[in-house]
Amino acid sequence: MAKLSIQGLDVQGKEVLMRVDFNVPLKDGKITDDTRIQGAVPSIKHLLDGGAKLVLCSHLGRPKGEAKPEYSLAPAAARLGELLGCEVALAPDCIGEEAAAMRASLEAGQVLLLENTRYHNEEEANDADFAKQLAGSADIFVNDAFGTAHRAHASTEGVTHHVSQSAMGFLMARELEYLVGKLENPEKPFLVIMGGAKVSDKIQVINSMMEKADAFLIGGAMANTFRKAQGYEVGNSRVEADKLDLALEILANAKAKGVRFLLPADTRVTQEFKEGAETKCTEPYEKGGETPEGWEGIDIGDVAIEEFVAEVAKAKTMIWNGPMGVFEMDSFAKGTRAIAEAMAANEGVTIVGGGDSVTAVNKFGLDDKMTFISTGGGASLELLEGKTLPGVAALTDA
Ligand SMILES: Nc1ncnc2c1ncn2[C@@H]1O[C@H](COP(=O)(O)OP(=O)(O)O)[C@@H](O)[C@H]1O
Ligand SMILES: O=C(OP(=O)(O)O)[C@H](O)COP(=O)(O)O
Ligand SMILES: [Mg+2]
């Protein structure tokens, strides 16, 4: 079902609440990659040029209902101000009297950013009263937060019940158009590369993605969960203990369906989780390799890199979500870089999605070599799985 677009919407003098995904990576309070902020700028400019009183809202990280300063959107407000060439005020909270007063004093063509919606547990609980407060006096809601469209939260779903129109922003439209259109009939072999840290969410899409994909490469913390499920010692590695049965089910399912499903043959491990730490590769698991007590898997190993790179070279269409390792530290970035380079060298369709995966590709200077960069990781996987994203479903039909 087509959804209302911001194109042609009359916003002159009206208060518009727009959900953006400003969940950007930060290091020591500084934004390390602003792709998601840049992605929202066309919609923001369009609405401001149209005379909207624009109120932006977003989450950042997972502060779990507490107003922790390290999860403040202040750096995002500053960066957006630089991109727009004007000051972007930040309301100290997303609801409450002060935010309401700041919203009321907006003039046509002015923009305000509300503080992190996840400072309140009601956001993720999609609490109706909280959503009503967030909607405030806005009559129009716009969702341009593709990266969060797979969440049915107050700021993505709940607010739509408290405004008269809910429209799709340009970034959201562009992402849906590409990812749904391009991946309907992907040229084969179609390879899915998964890794990263959000294992409990993302492992759940694998079974249904096997209907479409010919092969999977699994790295990152997700690989640890599979290796643990197979009975290997994984030391201090990050593991999702309640997903071990699902991991085994996925392995059995792949075998039954004849889908290639590659786990890293070996793992790069460390005793110290810090930049410059010493690392080593385990022996391949087939030769009895394991991650010893006191060590932690932080990247795929060298044998795995070789096998994965060969697999990428064979694929004609590939989507990658989730870094192979803790690429933020150069000592743990080898596997992620190798996958990024192999994809960049592939002449087929190369899609990279996810806040952190895209950050990695940008860090290696390879973004221009990819066919499509998506701001959504979990969102693009759920879309690929064939799901209707709740943040999209809630918008007004065109
Ligand atoms: N083996 C690992 N152990 C712990 N964290 C990991 C491991 N491999 C990757 N990561 C982390 O995963 C994070 C990204 O995961 P995720 O948010 O799921 O990906 P994306 O943002 O691309 O969708 C990165 O910050 C990276 O440091
Ligand atoms: O960063 C995000 O997703 P991603 O890590 O899958 O790219 C989105 O902002 C969603 O965040 P969430 O997974 O905490 O709901
Ligand atoms: Mg992420």
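Residues numbered from 1 in each chain as written. Chains lettered and ligands numbered in written order. Predicted model: local features only at pLDDT ≥ 70, side-chain atom pairs only at ≥ 80, totals over all residues.

As recorded by an unreviewed UniProt entry, the protein chain carries the name Phosphoglycerate kinase and is attributed to Haloferula chungangensis. Among the UniProt annotations of the protein chain, the heading Catalytic activity (unreviewed entry) holds the following wording: "(2R)-3-phosphoglycerate + ATP = (2R)-3-phospho-glyceroyl phosphate + ADP". According to UniProt, the comment filed for the protein chain under the heading Sequence similarities (unreviewed entry) is "Belongs to the phosphoglycerate kinase family." (UniProt positions renumbered as here; feature names shortened; annotations may be inferred.)

Turning our attention to the overall build of the protein chain. In terms of helices and strands, the protein chain carries 15 helices and 17 strands. For 398 residues, the compact-globule estimate of 2.2 N^0.38 gives 21 Å, and the C-alpha radius of gyration of the protein chain, at 22 Å, lies within 12% of that figure. Along the first, second and third principal axes, the C-alpha set of the protein chain runs to 70 × 45 × 35 Å. In the protein chain, which comprises 398 residues, the proportion classed as buried is 52%. (Helix = DSSP H or I, 4+ residues; strand = E, 2+ residues; numbered from the N terminus. Rg over C-alpha atoms; globule rule 2.2 N^0.38 Å. Buried ≥ 20, exposed ≤ 12 C-beta atoms within 10 Å, placed from the backbone.)

This part covers the site of ligand 1. Residues in close proximity to ligand 1 total 20 residues, the closest being Gly196, Ala197, Gly354, Asp356 and Gly377. Secondary structure elements with two or more residues in the shell around ligand 1: helix H9 (220–229), strand S14 (296–300) and helix H13 (355–363). Looking at which element gives the most residues to the shell around ligand 1, the answer is H13, with three residues. Considered class by class, the residues forming the shell around ligand 1 number five nonpolar, 11 polar and four charged. (Near = placed C-beta within 6 Å. Nonpolar A, V, L, I, M, F, W, Y, C, P; charged D, E, K, R; others polar.)

In this section: the site of ligand 2. The environment of ligand 2 is made up of 13 residues, and the closest members are Asn23, Gly354, Gly355, Gly377 and Gly378. Looking at the shell around ligand 2 residue by residue, the classes come out as no nonpolar, eight polar and five charged. If you count residues domain by domain, the shell around ligand 2 takes at least three from each of domain 1 (15–174) and domain 2 (183–384). (Domains from an automatic or database assignment.)

Turning to the UniProt feature "binding site: ATP" (unreviewed entry) in the protein chain, a few remarks are in order. Per the UniProt annotation, the sites labelled "binding site: ATP" (unreviewed entry) are Lys202, Gly297, Glu328, Gly354, Gly355, Asp356 and Ser357. Relative to the assigned elements, lysine 202 resides in helix H7 (residues 199–202). Under the C-beta neighbour-count criterion, lysine 202 is labelled buried, with 22 such atoms within 10 Å. With residues near it in sequence (within four places) discarded, lysine 202 still touches Met194, Gly196, Met222, Gly322, Gly378 and Leu381. Within the secondary structure, glutamate 328 is located in the loop between strand S15 (317–321) and helix H12 (334–345). (Contact = placed C-beta atoms within 7 Å.)

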